Amino acid sequence: MRTIAHWIDGKPYEGTPIGRFAVENPGTGEVEAELLQASDADLDHAVEVARRAQKEWAKVSLAKRTEIMFRMRQLVLDHQDEMAKLIVAEHGKNYSDAVGEIQRGRETLDFATAINVALKGEFSSGISTGVDIHTLRQPVGVVAGICPFNFPAMVPMWMHPIAIATGNAFVLKPASATPSAALLTAELYKEAGLPDGVFNVVSGNRTMVSKVLEHPGIDAISFVGSTPVAHIVQNTGVTHGKRVQALGGANNHAIVMPDSDLDFAAQHISAAAFGAAGERCMALPVVVAVGGCGPDLARRVKAHAEKIKVGYGMDEGVEMGPVIDAKSKEFITGLIDDAESRGAEIVLDGRPLVIPGHEKGHFLGPTIVDNVPLESSLYTEEVFGPVLAIVHADTYEEAIKQVNSSPFGNGAAIFTNDGGVARRFELDVEAGMVGINVPIPTPVAYYSFGGWKESLLGDTHIHGPEGVRFYTRAKAVTSRWPSEKTYAATMSFQREE
């Protein structure tokens, strides 16, 4: 049985584990490794190492930092196949989707290679006689990243490249189910020339996460996960004086207008609902069909969904893999069962699916449920599985009211050929990321990712320009030089002209 350790101070570290977590392959249902669970002493050691390394790393020139980021970007590209296979083995997503995840994560490394541009300050000369002012941004110190299982490469890459490039040290807590991509990332940073201790990986259970939130040596926390946990992260972190960005859950909606190209919409909705087995915070689990287009839309989505090849992620032609574990499968099927018992129509049923040769895998086929009651858990909960719920509205006004009634506000989309309706939607909808005929409107890395309402707690979105602001603190410097013999000191607060 393979043992997965931590990474502290530039090397693997076993420390004094308090337990082991079984790392399962979701496609086979077999345990393939054991992950060491860190003790309080292990976390203390990682933070101490990070604080020491950060003091020196913050002094390193921007030219040197960007040079390391360029090398890291190339190393991630060179090891893309290796990292993708680790993701398939631990998460279950198919190989091409794992490669796509790495590519989207690498976009943030691209952004970090130009961090010198993002860190430019402002300067004003002569704000008063002989007085100038300029601004600069400095690192916050040690940043902890707490990441979910569904994107073991991409979501951490939305954090650590910017945090490190801006001069911070980083302690990554990966999801216990999918830790190996984080360890490979650590090895690549070392090969890229990043000083030891600047990037560390520490795995642990919920108790260890609580210690991270309270640890006096950690200055900022980036979190992506469920909304209930995001509230704990936000409240505990802020109480302990930390800067916090906590991205929570989602239940993204798409409005489909009757004037839209229904086959175009159906094709894209199918891919967005069932890609990665629906285990994306930007998946599309809910469609609001407007003006009676629902039955035709459901039929067209079904035609596309039935063509999706479900199976083990490394097998030829597989487009969708299993869900993460047996507990998740049970939760998802329970939501479908409940909606069906309340009168919903099962248009396509993925519950009976079994993959020959992988009978112990946690597979669910694409599932389409029409006329979903709004009070059912299938509609109100974040499903995080390969299920599309279809609800109906008579008008755009009714549909947008339905979308905005959701407590979540991560992403929202509309399918229409009417530019006026599209423009109205982008202003009306209460969501942080909006798609016009784009079902998964995830911004590129030189913009920022984040939702509204219960989908984001804290002030800043993740990666991109807002990521730079989160991982740095602003400083305004006002200066004068006595040699210029300007005004003498005064007791008045009045500014010298």
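Residues numbered from 1 in each chain as written. Predicted model: local features only at pLDDT ≥ 70, side-chain atom pairs only at ≥ 80, totals over all residues. Heavy atoms only, no water.

Within an unreviewed UniProt entry, the label attached to the protein reads Methylmalonate-semialdehyde dehydrogenase, and the organism entered is Actinomyces johnsonii F0542.

Chemist: What exactly am I supposed to notice about the side chain of threonine 367 here?
Modeler: Within the fold, threonine 367 resides in strand S16 (residues 367–370). Among the polar contacts listed, one links the side chain of threonine 367 to the backbone nitrogen of glycine 350, at a separation of 2.9 Å. Polar side-chain contacts of threonine 367 include one of 3.1 Å to the backbone oxygen of glycine 365. What threonine 367 contacts, discounting residues up to four positions off in sequence, is Phe274, Ile336, Leu348, Asp349, Gly350, Arg351, Pro386, Val387 and Leu388. (Helix = DSSP H or I, 4+ residues; strand = E, 2+ residues; numbered from the N terminus. Polar contact = N/O pair within 3.5 Å; in protein donor to acceptor, adjacent residues only side chain to side chain. Contact = heavy atoms within 4.5 Å.)

Chemist: Where do I start with the sheet that holds strand S6 (residues 123–128) in this structure?
Modeler: Strand pairs in the sheet, formed through backbone hydrogen bonds, run parallel or antiparallel to each other. If you walk across this open sheet you meet the three strands as S6-S7-S23, and the pairing is antiparallel. Two strands in the sheet have a free side with no partner beyond their single neighbour: S6 and strand S23 (472–479). Looking at each pair of strands side by side, their axes are set apart by 30° on average, direction ignored. Relative to S23, strand S7 (residues 131–139) runs antiparallel, the two sharing eight bridges. Bridging across to S23, glutamine 138 finds its partner in arginine 473. (Pairing = 2+ DSSP bridges. Axes fitted to C-alpha atoms, helices over the stretch in contact; angles between N-to-C directions.)

Chemist: Before we go on, may I ask you to explain the domain arrangement of the protein in this structure?
Modeler: Where the parts come together, the accessible area they lose is often given as the size of the interface. Along its sequence, the protein is carved into domain 1 (1–247 + 454–477) and domain 2 (251–434). Averaged C-alpha coordinates put domain 1 and domain 2 at centres separated by 31 Å. Taking both partners together, domain 1 and domain 2 bury about 1900 Å²; carbon and sulfur atoms supply 58% of that area. Across the salt bridge formed by lysine 360 and glutamate 30, the nearest N and O atoms sit 3.8 Å from each other. Taken together, the connections running from domain 1 to domain 2 amount to 12 residue pairs in polar contact (both at pLDDT 80 or more). Taken together, the elements giving at least two residues each to the side of domain 1 that touches domain 2 come down to strand S4 (19–25), helix H3 (80–91) and helix H4 (95–112). Considering each element in turn, the side of domain 1 that touches domain 2 owes the most residues, four residues, to H3. (Domains from an automatic or database assignment. Buried area = accessible area lost by both parts, 1.4 Å probe. Salt bridge = Lys/Arg side-chain N within 4 Å of Asp/Glu carboxyl O.)

Chemist: Is there a simple way to explain the UniProt feature "domain: Aldehyde dehydrogenase" (unreviewed entry) in the protein in this structure?
Modeler: As recorded in UniProt, the feature "domain: Aldehyde dehydrogenase" (unreviewed entry) lies at residues 19–477. The span residues 19–477 is 40% helical and 21% strand by assignment, and the distance between its end C-alpha atoms comes to 50 Å. (UniProt positions renumbered as here; feature names shortened; annotations may be inferred.)

Chemist: Sorry, what's going on with the pattern of salt bridges here?
Modeler: Pairing between side chains of opposite charge can happen when the charged atoms of each approach one another. In total, this model carries 22 salt bridges according to the counting rule given. As a salt-bridge pair, aspartate 196 and lysine 190 come within 2.9 Å of each other at their nearest N and O atoms. Bridged by salt links that share partners, the residues Asp337, Glu340, Asp349 and Arg351 form one connected network.

Chemist: In this structure, what is going on with the sheet that holds strand S5 (residues 30–37)? I would like to understand it.
Modeler: One open sheet holds the three strands; their spatial order is S1-S5-S4, and the pairing between them is mixed. Unpaired on one side and paired on the other, strand S1 (2–4) and S4 mark the two borders of the sheet. Adjacent strand axes in the sheet meet at a mean angle of 35°, parallel and antiparallel pairs treated alike. In this sheet, S5 lies alongside S4 in antiparallel orientation, the contact comprising seven bridges. Residue pairing for S5: phenylalanine 21 is matched across the bridge by leucine 35.

Chemist: Mind showing me how you'd approach the packing of helix H11 (residues 262–274) against helix H12 (residues 294–305) here?
Modeler: Helix-helix packing is described using two parameters, namely the angle between the two axes and the distance between the axes. Taken N-terminus to C-terminus, the directions of H11 and H12 make an angle of 55°; their axes are 8 Å apart at the nearest point. When the interaxial angle is binned, H11 and H12 end up oblique. Note on packing geometry: the crossing formed by H11 with H12 is right-handed. Across the interface between the two elements, Leu262, Asp263, Ala266, Gln267, Ile269, Ser270 and Phe274 from H11 touch Asp296, Leu297, Arg300, Val301, His304 and Ala305 from H12. Looking at side-chain class alone, the contact of H11 with H12 contains seven nonpolar, three polar and three charged residues. (Parallel < 35°, antiparallel > 145°, perpendicular 65-115°, else oblique. Left-handed = near helix turned anticlockwise from the far one by under 90°. Nonpolar A, V, L, I, M, F, W, Y, C, P; charged D, E, K, R; others polar.)

Chemist: Sorry, what's going on with the packing of aromatic side chains here?
Modeler: The geometry of two aromatic rings is summed up by the distance between their centres and the angle between their planes. Taken as a whole and assessed by the stated rule, the structure comprises seven aromatic pairs. Taking 6.2 Å as the distance between ring centres and 5° as the angle between the ring planes, the aromatic pair formed by phenylalanine 170 and phenylalanine 199 counts as stacked. A residue pair is termed long-range when its members are at least 10 positions apart, and phenylalanine 170 in strand S9 (residues 169–173) and phenylalanine 199 in strand S10 (residues 199–201) qualify at 29 residues. Summarising the aromatic geometry, the rings of phenylalanine 470 and tyrosine 471 are spaced 5.2 Å apart at their centres and angled 75° between planes, so their arrangement reads as edge-to-face. Each member of the aromatic cluster is reached from another via a ring pair, and the members are Phe170, Tyr189 and Phe199. (Phe/Tyr/Trp six-rings, centres within 6.5 Å; stacked < 30°, edge-to-face > 60°.)

Chemist: I would appreciate a short explanation of the packing of H3 against helix H8 (residues 180–192) in the present structure.
Modeler: The interhelical angle for the contact between H3 and H8, taken along N-to-C directions, is 160°, at an axis separation of 9 Å. Between H3 and H8, the angle falls in the class roughly antiparallel. The element H3 and its partner H8 pack so that their crossing is right-handed. Here Glu82, Met83, Leu86, Ile87 and Glu90 of H3 come into contact with H8, specifically with Ser180, Ala181, Leu184, Thr185 and Leu188. Split into classes, the residues belonging to the contact of H3 with H8 amount to six nonpolar, two polar and two charged.

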